[in-house]
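The lines below spell out each chain.
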Amino acid sequence: MIVIWKGWGLLVIVIAALIVVLTTTVFDKIGLPVAFGAALGMFISAAAIWQVGNKFNSPLKNRILIDKQSGAEVVLKPDHSLFFIKMQYWAFIAGAIGLFMLINLVAGRQA
């Protein structure tokens with residue numbers, strides 16, 4: 001029997017939002033286009049989400065417990081996910097969004 005521990009999946013949104021706000025603010029202060037700052041922020045947030053997700057969902061955090069009455073093993077596994085997607089895999093989605101934003105900017109279709 002496997003028992004899954006739900007956790008910090010919403011941290012994906014927090015990480016992405018904070019990094020994008022930070023990079024757009026920095027780009028605005030130094031006089032560069034803010035849209036490029038947002039695209040760069042998505043790439044940086046993808047890297048951060050990958051690192052945090054791998055740390056939180058590490059198999060090293062699995063715990064095996066034994067039920068005293070039946071002797072059955074119970075595995076406690078961390079599952080930090082957002083909408084059924086593990087946290088670290090949201091990094092690919094964030095990176096794809098950043099790439100889409102960058103392609104649109106280079107192609108001249110600024111929002």
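Right above here is the structure, for reference.
This structure is a prediction, so every number in the text was calculated from the model and none was measured. (Residues numbered from 1 in each chain as written. Predicted model: local features only at pLDDT ≥ 70, side-chain atom pairs only at ≥ 80, totals over all residues. Heavy atoms only, no water.)

### Points about the packing of aromatic side chains
We count it as follows: Put simply, two rings from Phe, Tyr or Trp (the six-membered ring, in Trp's case) pair if the centres are within 6.5 Å, and we call them stacked under 30 degrees between planes, edge-to-face over 60, tilted for the rest. Numbering of helices and strands starts at the N terminus; helices are DSSP runs of H or I of at least 4 residues and strands are runs of E of at least 2. Here's how the labels work: a residue is buried when its accessible area is under 20% of the maximum for its type, exposed when over 50%, partly exposed in between, all with a 1.4 Å probe on protein chains only.
For the coordinates displayed, the defined rule picks out 2 aromatic pairs. Judged by centre distance (5.5 Å) and plane angle (65 degrees), the ring pair of Trp50 and Phe92 falls under edge-to-face. With a gap of 42 residues between them, Trp50 in helix H2 (residues 34-56) and Phe92 in helix H3 (residues 90-106) connect regions that are remote in the sequence. Accessibility expressed as a relative area gives 30% for Trp50, which makes it partly exposed. Ring pairs connect the aromatic residues Trp50, Tyr89 and Phe92, which therefore count as one cluster.

### Notes on H2
At 3.6 residues per turn, the α-helix brings residues three or four places apart onto the same side. For clarity, the threshold we go by: For a helix, the expected span equals 1.5 Å multiplied by the number of residues minus one. Any two residues whose heavy atoms approach within 4.5 Å at even a single point are treated as in contact.
Taking 1.5 Å per residue, 23 residues should reach 33 Å; H2 reaches 32 Å between its end C-alpha atoms and fits that length. Along H2, the residues that are buried comprise Gly37, Ala38, Ala39, Gly41, Met42, Ser45, Ala46, Ile49 and Gly53. Against the buried residues of H2 lie helix H1 (11-29) and H3.

### Brief notes about H1
Here is the rule we go by: The arc under discussion is defined with respect to the helix axis, by the directions toward the C-beta atoms.
A rise of 1.5 Å per residue sets the reference length of H1, with its 19 residues, at 27 Å; its end C-alpha atoms lie 27 Å apart and thus fit the reference within 8%. Of all the residues in H1, the buried ones are Val12, Ile15, Ala16, Ile19, Val20, Thr23, Thr24 and Phe27. Seen along its axis, H1 keeps its buried residues to an arc of 145 degrees; they face one direction. Residues Leu18, Val21, Leu22, Asp28 and Lys29 are exposed on H1 and point more than 90 degrees away from its buried face. Its buried side turned inward, H1 meets H2, strand E4 (81-82) and H3.

### Topic: the nonpolar core
Note the following rule: The set of buried Ala, Val, Leu, Ile, Met, Phe, Trp, Tyr and Cys residues whose side-chain atoms join them within 4.5 Å is what this entry labels a nonpolar core.
Counting residues in hydrophobic clusters, the biggest one holds 14 residues, and the most contacted among them are Val12, Ile15, Ile49, Trp90 and Ala94. Where this core is concerned, the elements lending two or more residues are H1, H2 and H3. Broken down by element, this core gets its largest block of residues, 5 residues, from H1. Beyond its immediate chain neighbours, meaning those up to four positions away, Ile15 contacts Ser45, Ala48, Ile49, Val52 and Met87.

### Remarks on the environment of Ile66
Within the secondary structure, Ile66 sits in strand E2 (residues 63-66). With near-sequence residues (within four places) excluded, Ile66 lies in contact with Gly71, Ala72 and Glu73.

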